[in-house]
Amino acid sequence: MAETTITRTTLARAGVQTAEEILAPSPGTMMRRRIFGHYGLMIGAFILLVIIFMALFANVISPHDAYDQQLGRKLIPPIWHNSPKATWVHPLGTDHLGRDYLTRLYHGARVSLLIGFSAMIISGLIGTILGVLAGYFGGRVDMVVNFLITTRLSMPVILVALAVVSIVGSSLTVVIWVLGLLIWDRFAVVMRSATQQVRSLEFVTAAEALGCSHLRILLTEIAPNVMNHLIVVATLEMAHAILLEAALSFLGLGVQPPTPSWGLMISEAKGLMYFDPWLIAIPGTALFMLVLSINLVGDGLRDVTAPENRS
Amino acid sequence: MAIYALKRLGIAILVALTVSLLTFSMNYLSGDPAITIAGEGASIEDIENVRRYYGFDRPIIVQYWDWFTNAIQGDLGRSFNLRQPVAEVIFNHLPTTMLLGACAISFGLTLAIPLGVLAAVKPNSIFDRAALTLAVVGQAMPTFWFGLTLILVFGVMLRWLPITGQDSWWNFVMPAVALGYNVAPAVMRLTRAGMLEVLASDYIRTARAKGLRPMKVLFKHALRNAVIPVVALAAVQFGFMLGGSIVIETIFQINGLGYLAWESIQRKDLPMMQAIVLILAIIYVVITFLADMLNAFLDPRIRVT
């Protein structure tokens, strides 16, 4: 009788799991480990959550009113300034009309997030539909979509946005729609190539062979596999929209005063920046942190959900 | 090559035509252009006069055809505000913006390409980390705020550079930096990715095996192939820059196309706005067309597809 040695292969053939396989972390645990082990993603998510918290509870966490003007207390410097005027009542000081700067910063976060998110949704819908259709059907559809993308790219975004807003008249809704209708190009480009890649895989051919309808293939076969690309572009475009809104408001054609917007706060402080540089440093830093955090979250999500990490 | 070029040229012309239609339709964005031009508090008679004077009473197709045929012949209408031919004013302002754009893109490329190469040569090293961090930070920086900060630090506090105007080369330093740093992250990432791919290829191994000096392998064999996609990106970015210079030109008060656009937008000078958008779009179309041709020349594989 030959002695049988038990090897991993014989065990695997018999369907028996080894100790390591039983103890190996589940895909869910692996995912969680990847997410919590990604410093960029964690830092970005933390900053973003703080800013979202500021925006949601602006009225609760601040004792002041964002529109309350009191010229008697104007241009109080922030607390770290070595000035007798600095006071904990207004930790970040007050602006040229005596409005509490910290409170306006909280409310400005609302405007930035609202415009960024809404414009991202609109442009995401347009771009994703165009891109997925082009990638899935190819041929003439692809040519038309490509043409639309090239045409859109040739129009200078800021200039067209400024011109349209100046003609139509500026309001929060107008800014959201103009930006949403202008920045769908990256969605279309990325979704098109992502769909093209998935389209050529075997499971799509299998679904076609089974006689599934186009809609069903798009929804159940294509959509789940291009989702990670969509999420990454969505974060990038939200950041893009926030920067554009700030630039528009800075040039006076975005959100109108007295609504607090970070771009508008920098614009209002422009004339005073030589004497009180903190007036532009504070909203600028806030804007920078918000965009940075959204980009970090986007980059992090791409790393974490990349298919090559999935094994 | 010729077929590829003709195909691309056809698309370029079609894009230009579509943009001309879109810019023309800006007239009707507010509903009635005559009311916009006549301004607030104009009487019905005034509005009717304006309508007849500018020809808005004619059918829209006729208006477009007129505007279009004139535009082809170099007549883009008269500015409402400056009372001068639009084309003349624009071509007086264009060189300044082109110069600014050229300075900005040069700055962006000289910053990004060496960083990208360095990051790719030693992936995951401290250089790589630093370059990626710089890219992330650069992407998040609002252009106008960066411009103001530069003014504050180098113009006011250190007094190294002039704040506004365009009298000397020194005036262009800060605007070019503020406009150009924007390009750096994307170019850096693309150079890094291209270099990583090329450095892993067989012909680089062969070059190394032959005993060529590392520097020669890096710059003569690898970089040449890795920067091909950067050409197309740089062209696209240059086009975006001309549009984006409106913010920088208003901050630094440089009297270029961006500043002109800003003034005409504030005064609702429709013919001027339309012409600037149209010209920038055409410049973009021409630049990307040339970049595509250059790319096809550099990389024969493109011509086939």
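Residues numbered from 1 in each chain as written. Chains lettered and ligands numbered in written order. Predicted model: local features only at pLDDT ≥ 70, side-chain atom pairs only at ≥ 80, totals over all residues.

Here we take up the overall build of chain B. When helices and strands are tallied, chain B shows 15 helices and 0 strands. Counting only C-alpha atoms and orienting by the principal axes, one finds that chain B spans roughly 85 × 55 × 30 Å. In chain B, which comprises 305 residues, the proportion classed as buried is 40%. Restricting the contact set of chain B to residue pairs at least 6 apart, pairs at least 24 apart contribute 73%. (Helix = DSSP H or I, 4+ residues; strand = E, 2+ residues; numbered from the N terminus. Buried ≥ 20, exposed ≤ 12 C-beta atoms within 10 Å, placed from the backbone. Contact = placed C-beta atoms within 7 Å.)

With that out of the way, let us pick up the overall build of chain A. On a plain count of helices and strands, chain A comes out with 14 helices and 0 strands. Starting at the N terminus and walking to the C terminus, you meet the elements of chain A as α-α-α-α-α-α-α-α-α-α-α-α-α-α. What you see for chain A is a C-alpha radius of gyration of 26 Å, clearly larger than the 19 Å of a compact globule of 311 residues, by over 25%. Burial status across chain A gives 43% buried among its 311 residues. The contacts in chain A between residues at least 6 apart in sequence include a share of 71% that link residues at least 24 apart. (Rg over C-alpha atoms; globule rule 2.2 N^0.38 Å.)

Mapped onto the elements, W65 of chain B comes out in helix α4 (residues 60-72). Residue W65 of chain B is classed as partly exposed on the basis of its C-beta count, with 13 C-beta atoms lying within 10 Å.

Before going further, it helps to examine the environment of L114 of chain A. Examined against the element boundaries, L114 of chain A turns out to sit in helix α6 (residues 101-137). Along the primary structure L114 of chain A and V297 of chain A are separated by 183 residues, whereas in three dimensions their C-alpha atoms are 18 Å apart.

What follows concerns the interface of chain A and chain B. Facing 33 residues of chain A, the contacting portion of chain B comprises 37 residues. Listing elements by their share of the side of chain A that touches chain B, those giving two or more residues are α7 (139-154), α8 (157-168), α12 (214-250) and α14 (278-305) of chain A. The element contributing the most residues to the side of chain A that touches chain B is α8 of chain A, with 10 residues. Split into classes, the residues belonging to the side of chain A that touches chain B amount to 27 nonpolar, 6 polar and no charged. (Nonpolar A, V, L, I, M, F, W, Y, C, P; charged D, E, K, R; others polar.)

Residue and element names in this part refer to chain A. For the pair α8 and α12, interaxial distance at closest approach is 11 Å and the crossing angle is 55°. One finds that α8 runs oblique with respect to α12. The chirality of how α8 crosses α12 is right-handed. Here α8 contributes V157, I158, A161, L162 and V165 to the contact with α12, which in turn contributes L244, A247 and L248. Broken down by class, the residue content of the contact of α8 with α12 amounts to 8 nonpolar, no polar and no charged. (Axes fitted to C-alpha atoms, helices over the stretch in contact; angles between N-to-C directions. Parallel < 35°, antiparallel > 145°, perpendicular 65-115°, else oblique. Left-handed = near helix turned anticlockwise from the far one by under 90°.)

Residue and element names in this part refer to chain B. As for its position among the elements, I47 is in helix α3 (residues 44-53). Residues I47 and Y28, 19 residues apart in the sequence, show an inter-C-alpha distance of 15 Å. Aside from chain neighbours lying at most four places away, what touches I47 is A34, I35, A38 and A42.

Time to look at the nonpolar core. Within the largest apolar cluster, 165 residues are counted, with the highest numbers of intra-cluster contacts made by A161 of chain A together with I276 of chain B. Sequence-distant contacts of A161 of chain A, defined by excluding residues within four places in its chain, comprise V178, L179, L182, L244 and L248 of chain A. (Core = buried A, V, L, I, M, F, W, Y, C linked by C-beta atoms within 7 Å.)

With omega at 5°, the peptide bond leading from P257 of chain A into P258 of chain A counts as cis. With respect to the element layout, P258 of chain A can be found in the loop between α12 and α13 (262-269). Phi is positive for K268 of chain B, which is not a glycine, with a value near 50°. Structurally, K268 of chain B is set in the loop between α13 (257-266) and α14 (270-298).

For the α-helix, the turn length of 3.6 residues means that residues three or four positions removed from each other point alike. If you check α7 of chain A, its first and last C-alpha atoms are 23 Å apart, about what 16 residues at 1.5 Å a residue would give, namely 22 Å. Of all the residues in α7 of chain A, the buried ones are V145, I149, T151, R152, L153 and S154 of chain A. Looking at the packing, one finds that the buried side of α7 of chain A touches α6 and α10 (185-199) of chain A together with α1 (2-24) and α14 of chain B. (Expected span 1.5 Å × (residues − 1).)

Another aspect to go through is the packing of helix α10 (residues 202-209) of chain B against helix α11 (residues 214-226) of chain B. Residue and element names in this part refer to chain B. Contact geometry of α10 with α11 gives a least axis separation of 11 Å together with a crossing angle of 150°. Classified by the interaxial angle, the pair formed by α10 and α11 is roughly antiparallel. At the point where α10 passes α11, the crossing takes the right-handed sense. Seen from α10, the contacting residues are Y203, I204, A207 and R208; seen from α11, they are V217, H221 and A222. A per-class count over the contact of α10 with α11 returns 5 nonpolar, 1 polar and 1 charged.

Summarising the model, chain B shows a mean pLDDT of 84, and 99% of its residues fall at 70 or more. Here the predicted complex scores 0.87 on pTM and 0.86 on ipTM. (pLDDT = per-residue confidence, 0-100.)

To continue, consider α11 of chain B. Residues and elements named next belong to chain B. Of the residues making up α11, those classed as buried are V217, L218, A222, L223 and A226. All buried residues of α11 project into a common sector of 135° when viewed along the axis, lining one side. Across from the buried face of α11, at angles greater than 90 degrees, the exposed residues are K216, F219, K220 and R224. Looking at the packing, one finds that the buried side of α11 touches α5 (86-121), α9 (184-199) and α10. (Arc of directions from axis to C-beta.)

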